[in-house]
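The chain contents come next:
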Amino acid sequence: MKKTILIGLFFFALSTNVQAQLVKFGIKAGLNYANLEGTNIQTDAITSYHAGIIAEVKLTDGFSVQPELLYSTQGATYKNAGIELKNELGYLSIPVLAKIHLNKTISLDLGPQASFLLSERKAFNVNNVETFEFAAVGGLGINLTKNFFIQGRYVLGLTEVSKEAQTKNSVVQVSAGFTF
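Keep in mind it's a predicted model, so treat the numbers as computed, not measured. Counting of residues starts from 1 at the beginning of each chain's written sequence and follows it residue by residue. Given that the model is predicted, a residue must reach a pLDDT of at least 70 before its local features are reported, and side-chain atom pairs must reach 80 or more before they are shown or counted; all residues, however, enter totals for whole chains, interfaces and linings. Heavy atoms from the whole structure form the basis of all side-chain values; hydrogens and water molecules are not counted.

Engineer: Could you give an account of the overall build of the protein, with specific residues and numbers?
Structural biologist: Secondary structure elements are taken from DSSP: a helix is a run of H or I of four residues or more, a strand is a run of E of two residues or more, and numbering for both begins at the N terminus. Across its full length, the protein holds 1 helix and 9 strands. Reading the helices (α) and strands (β) of the protein from amino to carboxyl end gives α-β-β-β-β-β-β-β-β-β. Out of the 180 residues in the protein, the part that is buried amounts to 36%. Only heavy atoms matter for contacts: two residues are in contact if any of them lie within 4.5 Å across the pair. Sequence-distant contacts, at least 24 apart, represent 58% of the contacts inside the protein between residues at least 6 apart. For every accessible area listed, the method is Shrake-Rupley and the probe measures 1.4 Å; residues are considered covered only by the protein chains on display. Counting every atom, the protein has about 10300 Å² of accessible surface; 66% of that belongs to carbon and sulfur. Accessible area is worked out with a 1.4 Å probe on protein chains only. A residue is then buried under 20% of its type maximum, exposed over 50%, and partly exposed in between.

Engineer: Can you break down the side chain of Ser170 residue by residue, with the values?
Structural biologist: Examined against the element boundaries, Ser170 turns out to sit in strand β9 (residues 168-179). Residue Ser170 is classed as buried on the basis of its relative accessible area of 9%. Within 3.5 Å is the distance limit for a polar contact, defined as a pair of N or O atoms, with the added protein rule that one can donate a hydrogen and the other accept it, and that residues adjacent in sequence qualify only through two side-chain atoms. Within the structure, Ser170 has its side chain in polar contact with the side chain of Tyr154 (distance 2.7 Å). Apart from residues lying up to four places away in sequence, Ser170 is in contact with Tyr33, Ala34, Asn35, Glu37, Tyr154 and Val155.

Engineer: How would you summarise the packing of aromatic side chains if you had to cite specific residues and measurements?
Structural biologist: Any two of the Phe, Tyr and Trp rings considered here, Trp counted by its six-membered ring, make a pair once their centres fall within 6.5 Å; the pair's planes then place it as stacked at under 30 degrees, edge-to-face at over 60, or tilted in between. Tallied over the entire structure, the rule returns 4 aromatic pairs. Summarising the aromatic geometry, the rings of Tyr49 and Tyr71 are spaced 6.1 Å apart at their centres and angled 40° between planes, so their arrangement reads as tilted. With Tyr49 in strand β3 (residues 46-60) and Tyr71 in strand β4 (residues 63-80), this residue pair connects regions lying 22 residues apart in the sequence. For Tyr49, a relative accessible area of 40% translates into the label partly exposed. An aromatic cluster is defined as three or more aromatic residues linked by ring pairs; in this entry it consists of Phe148, Phe178 and Phe180.

Engineer: So what about the environment of Ala135? Which residues, and what values?
Structural biologist: If you trace the backbone, Ala135 turns up in strand β7 (residues 132-143). We classify Ala135 as buried; its relative accessible area is 1%. In this structure the C-alpha to C-alpha distance between Ala135 and Gln113, which are 22 residues apart in sequence, comes to 5.0 Å. Here Ala135 is in contact with Gly111, Pro112, Gln113, Val155, Leu156, Gly157 and Leu158, once residues within four sequence places are set aside.

Engineer: Run through the pairing of β4, naming residues and quoting values.
Structural biologist: With 2 bridges connecting them, strand β2 (residues 43-44) and β4 associate as antiparallel partners. In the sheet register, Asp44 faces β4, and the bridge partner there is Thr77. Sheet topology places β3 next to β4; 8 bridges connect them, and they run antiparallel. Across the sheet, the residue bridging to Ile54 is Glu68, located in β4. Any two strands with at least two DSSP bridges between them are considered paired. In this antiparallel pair of consecutive strands, β3 and β4, the connection spans 2 residues. Examined bridge by bridge, β4 and strand β5 (residues 83-101) share 16 bridges and lie antiparallel to one another. Each bridged residue has a counterpart across the sheet, and for Tyr71 the counterpart in β5 is Leu92.

Engineer: Quick one: what's the story with the side chain of Gln173, residue by residue and with numbers?
Structural biologist: With respect to the secondary-structure elements, Gln173 resides in strand β9. Its relative accessible area of 3% is what places Gln173 among the buried residues. Other than its neighbours up to four places away in sequence, Gln173 contacts Leu31, Asn32, His50, Ser72, Gln151, Gly152, Arg153 and Val155.

Engineer: Help me get a handle on the pattern of salt bridges, residues and values and all.
Structural biologist: Here, a salt bridge means any Lys or Arg side-chain nitrogen found within 4 Å of an Asp or Glu carboxyl oxygen. Counted by the stated rule, this structure contains 6 salt bridges. Between Glu68 and Arg153 there is a salt bridge whose closest N-O contact spans 3.0 Å. Here Arg153 lies in strand β8 (residues 148-157) and Glu68 lies in strand β4, a separation of 85 residues in the sequence. Take Glu68: its relative accessible area is 3%, and that puts it in the buried class. With a closest N to O distance of 2.8 Å, Arg121 and Glu88 form a salt bridge. Highlighted residues: Arg121 in strand β6 (residues 106-122) and Glu88 in strand β5, separated in sequence by 33 residues. Here Arg121 falls in the exposed class, since its relative accessible area comes to 52%. For Glu88, a relative accessible area of 11% puts it in the buried group. When salt bridges that share partners are traced, they join Lys28, Glu68 and Arg153 into one network.

Following this line, the structure appears as structure tokens:
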């Protein structure tokens, strides 16, 4: 009986250790270079930020899935009669990326992103801003050490920010993070 319990505890401890190696959690933050695409109005990009938490679930040696929960600010500026007007949209973004590990250092990151509008600071009027956005994400990740990484990605909005303005978000993101 004692032997069975000890063997069971050994396999439980072993499986817990293996499970911990398959899932890594972390934090990340970085810069956004965001603009609105598809409008007849000439807009200029804004520099903003994103920050949040990540999890990386290793499925095989060359493939993992990385869901993220980020706060991301996006938008654009518009010049009217020499006055610069700025529209900044704050989103709760949830990308779920397939990470194809090209080697131990570099990964190709691809996947969808759902975003929910949380805040809107505007100096010009974008009528009827949509509260949900769907986007496609693609980029590269580089592991600098076992725990530190940097990422670069492009987020292409697939749904319109505002149906009246017929614009979509376009964002270049550069970030750094730490996993534990």
